[in-house]
Amino acid sequence: MVDFKTQEVETDLLILGGGMAACGAAVEAAYWAKQHGLKVTLVDKAAVDRSGAVAMGLSAINQYVGLRDGQNTIKDYVDYVRNDLMGVTREDLVANIARHVDSSVHLFEKWGLPIWKDEKGGYVHEGRWQLMINGESYKVVVAEAAKNALGKENIFERVFIVGPIMDGDKCLGAYGFSVRENTFYVFKAKATLVAMGGAVHVFKPRNSGEGQGRAWYPPWNAGASTFFTLKAGAEMTCQEVRFIPVRFKDAYGPVGAWFLLFKSRATNAFGGEYMVERKPELENWGAYGKVKPIPANLRNYLGMLDVMAGKGPIYMRTEEAIQKIAAAAGDEKAAKKKLKELEAEAWEDFLDMTISQAILWAASNVSPEEKSSEIAAAEPYFIGSHSGASGAWVSGPEDLAPKEYFWGYESMSTVKGVFCAGDASGASSHKFSSGSHAEGRIAAKAAVRYIVQEKPAAPSVDATRVEALKAETLKPLATFDEFKNTTTQQDVNPNYIRPKMFQMRLQKLMDEYAGGVTSQFTTSRPLLEKGMELLVFLKEDSEKLGAADLHELMRCWENVHRMYQAEAHVRTVLFREETRWPGYYFRSDFPKLNEENWHCFVNCKLDPATGQWEMYKRPILHMFKQPGEHELLGG
Ligand code: SFD
Ligand code: AMP
């Protein structure tokens, strides 16, 4: 076995991840840390310029409230999010992000991000909350500001974080390894901000073979945030709320611009429009079936009913939408000009954020102005942003949060000194790229305040502990090395399991028992219990993961992270005995919404010492009065 050197880094605030939330955190933390003489360190498994969900760019900023121009109120946004999540949301967290998000967007523009403008110089909206951007370099722009703020000596790129270093209920920092050289890292910090995104590939993806990495959510976000917070002993929320976006099929191009900007219809193979024909189904979902816009999961569900009835494929009627807008432009010449413009916008929508969808159009001779494209529901993902909700249970702000939701520092988890933002924090959906950046700023400011006010001692980790963590982290390399010659085919070996095989086993299990694509997103108690039984065996076998090189070592730990996300999900879906989010998942044994018993959060906690899980309900408390009464209630 090759030698690994150990590098220890001491800091005050440790930011884990280099995505939207982490970049927001870096900018804000640098400002406050300077005033207090504190050190801030950021660690990303990849290169900050192109890491995370925004790596390929984005074509829209999906959260902009427009407070400056009086376009909307904070309450409007909170109402929108609560409705979209079928009543389950932390209003205090959503409102806190909503009141800060516009300033993040204005910063992006100042840093050089082109936001579309209309003739009067106002932002071009895709929908009520969404702004159109030329966003291919969105992440590079946001990363540059973060890197300038922190200084490159405080940024560790290509270092994979494995987990937290705990001393009882105190978090001393994090450990991990370089994915480029043989170095094991120990980061010691007074406060840690978790922003390592959500998780994809926990469920079997629709795409296979070399196409497997083309999922909607980026394959490099693999559940590190959930693993970290669970292993720190933090309370988690909404672990049952997986997110399933409807996307252009196979390459996962976005649909928002088509539905909202181009006002396109989606129809089944026989021309029927599920949003119209299946409208009566909405009556079955209580008050949530009556709100506008119709919640994302219910929109999904109506389409899924068509697919289950054998009416697929479902098509986005791009040709119809484009021709209609062009025709409305005026005479033949004006219509032709408009058509060209729309054609360019349609291609740019993909080229800015999902280049592979543009490649697929080109490869399959699709001209959107002539031909419809298939859309489909994606496999499930775990995220605290977009229309997902899973993540850590964090404190709200003192002036907005009910007392049950406030424990001293905004965005701090139930573990002192561990803060979470973006996809890592739960029950504050619809924060998207801009809201994640804003939440990172909120969390970082609070984390600096925590260090200044609480004055935590500089953590120390003794040498024996460091050696034990190092041995545990590198074990898959040792296991592979010891047994690799006992079979002639290195993929199949009775003494180890390689990460690719392990991942397939996890995905098959989740797909078949926890309601993945092939089981039409449907599950039940017997299926979930069977899934849990198999997860126990999988966990046992995770001790035998084998890695041939550094890259596979990363793959091993990514899959351990995914496995914990899977377990949190299965346990929570099992606990909530109702169907609240059809279109995300359906419990065939409890097929209805049950407001009386389940209008609540389901939270869970893992005891890192015993491995025991605790599941419980938490009440949904409102920050605002009932609709019609507009002022904030506060603490
Ligand atoms: O159209 C480790 N999102 C969109 N938001 C928008 O505002 N507009 C859009 O147009 C968006 N669209 C979209 C979006 C997401 C995706 C995947 C696609 C399209 C294809 C949502 C936002 O992108 C999302 O809300 C934010 O990016 C969330 O921010 P954050 O910081 O929570 O996650 P991140 O940016 O992915 O960053 C995660 C970071 O963690 C690192 N990391 N580092 C160290 N060790 C480990 N073990 C780590 N594991 C992960 C990552 O490298 C990364 O730096 S649309 O579809 O809606
Ligand atoms: P998407 O491209 O699906 O990620 O959508 C981008 C934004 O538009 C998100 O804020 C979605 O919630 C919203 N959106 C997408 N489709 C619809 C729709 N049919 N009705 C209302 N909002 C939508």
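Residues numbered from 1 in each chain as written. Chains lettered and ligands numbered in written order. Predicted model: local features only at pLDDT ≥ 70, side-chain atom pairs only at ≥ 80, totals over all residues. Heavy atoms only, no water.

It is the contact of helix α2 (residues 74-84) with helix α3 (residues 91-111), at a shortest axis distance of 9 Å, that shows an interaxial angle of 135 degrees. Relative to α3, the element α2 is oriented oblique. Note on packing geometry: the crossing formed by α2 with α3 is right-handed. Between α2, through I74, Y77, V78, V81 and R82, and α3, the contact on the second element is made entirely by E91, V94, A95, A98 and R99. Across the contact of α2 with α3, the residue classes tally to seven nonpolar, no polar and three charged. (Axes fitted to C-alpha atoms, helices over the stretch in contact; angles between N-to-C directions. Helix = DSSP H or I, 4+ residues; strand = E, 2+ residues; numbered from the N terminus. Parallel < 35°, antiparallel > 145°, perpendicular 65-115°, else oblique. Left-handed = near helix turned anticlockwise from the far one by under 90°. Contact = heavy atoms within 4.5 Å. Nonpolar A, V, L, I, M, F, W, Y, C, P; charged D, E, K, R; others polar.)

Counting 135 residues, the largest nonpolar core has F177, F187, W258, I375, M510 and L535 as the members making the most contacts within it. The dominant element in this core, judged by the number of residues it contributes, is helix α16 (residues 550-575), at 13 residues. Looking at which domains feed residues into this core, each of domain 1 (246-377) and domain 2 (470-600) supplies at least three. Once you skip the residues sitting within four places of it in the chain, M510 turns out to touch V202, F203, G515, G516, A566, H569 and V570. (Core = buried A, V, L, I, M, F, W, Y, C linked by side-chain atoms within 4.5 Å. Buried < 20%, exposed > 50% of the residue type's maximum accessible area, 1.4 Å probe, protein only. Domains from an automatic or database assignment.)

Turning next to the packing of aromatic side chains. Within the structure shown, the criterion is met by 33 aromatic pairs. Ring centres of W216 and F243 lie 5.5 Å apart, and the angle between their planes is 80 degrees; this geometry places the pair in the edge-to-face category. Note that W216 is positioned in the loop between β10 (191-194) and α5 (224-231) and F243 in the loop between β11 (236-237) and β12 (246-248), a separation of 27 residues in sequence. The pair formed by W216 and F243 is uniform in burial state, with each residue classed as buried. (Phe/Tyr/Trp six-rings, centres within 6.5 Å; stacked < 30°, edge-to-face > 60°.)

Here we come to the environment of F228. You can see F228 is positioned in helix α5. On the basis of relative accessible area, F228 is assigned to the buried category, the value being 0%. Separated by 65 residues in the primary sequence, F228 and G163 place their C-alpha atoms 5.1 Å from one another. Every residue in contact with F228, bar those within four places of it in the chain, is listed here: L16, I161, G163, P164, C171, G173, A174, T192, V194 and M196.

Around ligand 2 sit 15 residues, and of these Q130, R247, G256, L260 and H386 come closest. Taking R299, its side chain carries an N or O atom lying 3.4 Å from a nitrogen atom of ligand 2. A total of 480 Å² of accessible area belongs to ligand 2 in isolation, and the protein chains cover 86% of it. Tallying contributions element by element places helix α6 (residues 256-261) first for the shell around ligand 2, with three residues. Broken down by class, the residue content of the shell around ligand 2 amounts to seven nonpolar, five polar and three charged. (Near = heavy atom within 4 Å. Polar contact = N/O pair within 3.5 Å; in protein donor to acceptor, adjacent residues only side chain to side chain. Areas by Shrake-Rupley, 256 points an atom, 1.4 Å probe, with all protein chains shown as cover.)

This brings us to the domain arrangement of the protein chain. Domain annotation for the protein chain reports domain 1 (246-377) and domain 2 (470-600). Counting residues at the interface gives 11 residues for domain 1 and 14 residues for domain 2. Summing both partners gives a buried area of about 1000 Å² for domain 1 against domain 2, and 67% of it is carried by carbon and sulfur. Its largest share of buried area at the contact with domain 2, domain 1 owes to W285, Y288 and N297, together 52% of the area lost on that side. (Buried area = accessible area lost by both parts, 1.4 Å probe.)

On to the site of ligand 1, then. Near ligand 1 you find 37 residues, and of these D44, A60, R247, S385 and S433 are the closest. Within the side chain of H386, one N or O atom sits 2.9 Å away from an oxygen atom of ligand 1. With respect to ligand 1, the backbone of D423 contributes an N or O atom lying 2.7 Å from an oxygen atom. For the shell around ligand 1, the secondary structure elements donating two or more residues are α1 (20-36), β4 (60-61), β7 (159-167) and α12 (432-454). Residue composition of the shell around ligand 1, by class: 20 nonpolar, 13 polar and four charged.

Here we take up the side chain of E240. When you line up the elements, E240 lands in the loop between β11 and β12. With a relative accessible area of 1%, E240 lands in the buried category. Within polar-contact distance, the side chain of E240 engages the side chain of R576 at 2.7 Å.

With that settled, consider a nonpolar patch on the surface. Side chains of L351, I355 and I359 sit close together on the surface and give an oily, nonpolar patch of about 250 Å² of accessible area. Locating L351 in the fold gives a position in helix α10 (residues 332-351). (Patch = residues over 30% accessible without salt bridge, like charges linked within 9 Å, V, L, I, M, F, W, Y side chains within 5 Å. Salt bridge = Lys/Arg side-chain N within 4 Å of Asp/Glu carboxyl O.)

The subject of this paragraph is the sheet that holds strand β3 (residues 40-43). Spatial strand order, β6-β3-β2-β10-β17: five strands in an open sheet with parallel pairing. At either margin of the open sheet sits one strand with a lone partner, and together these are β6 (155-156) and β17 (418-420). Note: β3 against β6, two bridges, orientation parallel. Bridged to V43 within β6 is F156. (Pairing = 2+ DSSP bridges.)

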